[in-house]
Amino acid sequence: MQIPRRGPKRLLSLKEEFTFTLLRLRRGFDTKSLGDMFGVSESSVCRIFTTWVCLMNIDLSFLIKWPTREQIRENLPKCFKYFKKTRCVIDCTEFFVQKPSLPSAQRITYSSYKHHNTFKCLVAITPTGSFCFVSDLYTGSISDKKIVQDSGFLDNIEFGDDIMADRGFLIRGELAMKGATLNIPPFSFGKQMCSNATTKTRRIAQARIHVERAIGRLKSYAILQNVIPLQMKPLYNQILRVCAMLCNLDNQLVN
């Protein structure tokens, strides 16, 4: 005897629910447009989308995985031939958020770099360009160093690792506590750099540019291009990670 399914009757098939979830992630359609396309109410769209994003965040979590040193060594791209100890490349990126009503919230979410209220996250990619770490969202005023300290990123670092980053990541001391090193372009201090420093800067730039390409791929998901409504903040951590997971299903970024 078949036990009847409890709860409200399903309005769409599983395939249709999955399809419009991907449509909203990739194309950024709003709930009203999706409701009109699939013949359901906006509240149903919100409920189904939230359910699928939370489910995908759990079931696809294996797609964002911290690589072993053996995996790095076996798949090291040519542009990293001078940086063979690199475990990952890190960077921070920001997403526009709706301006809060409270002045205190406005202040902590305001980004002096973007001149807008933003949320900010830390991402790390492997040398081949796959996301291996995506932090939660933080307020836009937070420093890159503070995100590294608070996000749990340092828990992945092992003795002997080399982390590549931009000049803004002043985390050499934090990495040293783990027995790891930081690889950033040399500072010029207003003077002309020597030929060795210039060469190192160029080589780091050629390797580090791929984290910006990975972020560009991530932001090709239109839902991340829109201004984040404040009421969606609890779901946006999952949305961000799901988009990164889907990016990792794409073709390898760096060969």
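Computed from a predicted model, the values in this text were never measured in an experiment.

Trainee: For this particular structure, what's the right way to read the environment of N255?
Mentor: The topology assignment puts N255 in the segment after α9 (233-247). Sequence separation between N255 and K78 is 177 residues; the distance between their C-alpha atoms is 7.3 Å. Setting aside residues up to four positions removed in sequence, N255 forms contacts with P77 and K78.

Trainee: So what exactly am I meant to see when it comes to the side chain of S111 here?
Mentor: Structurally, S111 can be placed in strand β2 (residues 110-111). We classify S111 as buried; its relative accessible area is 2%. Leave out the neighbours within four places in its chain, and S111 touches E94, H116, T118 and G140.

Trainee: Before we go on, may I ask you to explain the side chain of R24 in this structure?
Mentor: Residue position: R24 is located in helix α1 (residues 14-27). No salt bridge is formed by the buried R24, whose closest oppositely charged neighbour, D30, lies at an N-O distance of 7.2 Å. Excluding residues that lie within four positions of it along the chain, R24 makes contacts with F29, T31, L34, F49, I223 and M232.

Trainee: Where do I start with the layout of surface pockets in this structure?
Mentor: Over the atoms rolls a probe the size of a water molecule, and its path tells where empty space is left. Space inside the largest pocket adds up to approximately 430 Å³. D91, C92, E94, Y113 and D144 are the residues nearest the centre of the largest pocket, which is lined by 22 residues in total. Listed by contribution, the elements that provide at least two residues to the lining of the largest pocket are β1 (86-96), β2 and α8 (195-218). The element that contributes the greatest number of residues to the lining of the largest pocket is β1, accounting for four residues. A class-by-class count of the residues in the lining of the largest pocket yields six nonpolar, seven polar and nine charged. Within this model, the second largest pocket holds a volume of roughly 240 Å³. Lining the second largest pocket are 16 residues; nearest its centre among them are P67, Q71, T126, T128 and S130. Contributions of two or more residues to the lining of the second largest pocket are made by α4 (69-74) and β4 (131-134).

Quick notes on the rules
- Residues numbered from 1 in each chain as written.
- Predicted model: local features only at pLDDT ≥ 70, side-chain atom pairs only at ≥ 80, totals over all residues.
- Heavy atoms only, no water.
- Helix = DSSP H or I, 4+ residues; strand = E, 2+ residues; numbered from the N terminus.
- Contact = heavy atoms within 4.5 Å.
- Buried < 20%, exposed > 50% of the residue type's maximum accessible area, 1.4 Å probe, protein only.
- Lys, Arg positive; Asp, Glu negative; His and termini not counted.
- Salt bridge = Lys/Arg side-chain N within 4 Å of Asp/Glu carboxyl O.
- 1 Å grid on protein atoms, 1.4 Å probe; cavity = no way out; pocket = protein on both sides within 12 Å on 5 of 7 lines; lining within 4 Å.
- Points joined across faces, edges and corners; volume = space filled by probe spheres on them.
- Nonpolar A, V, L, I, M, F, W, Y, C, P; charged D, E, K, R; others polar.

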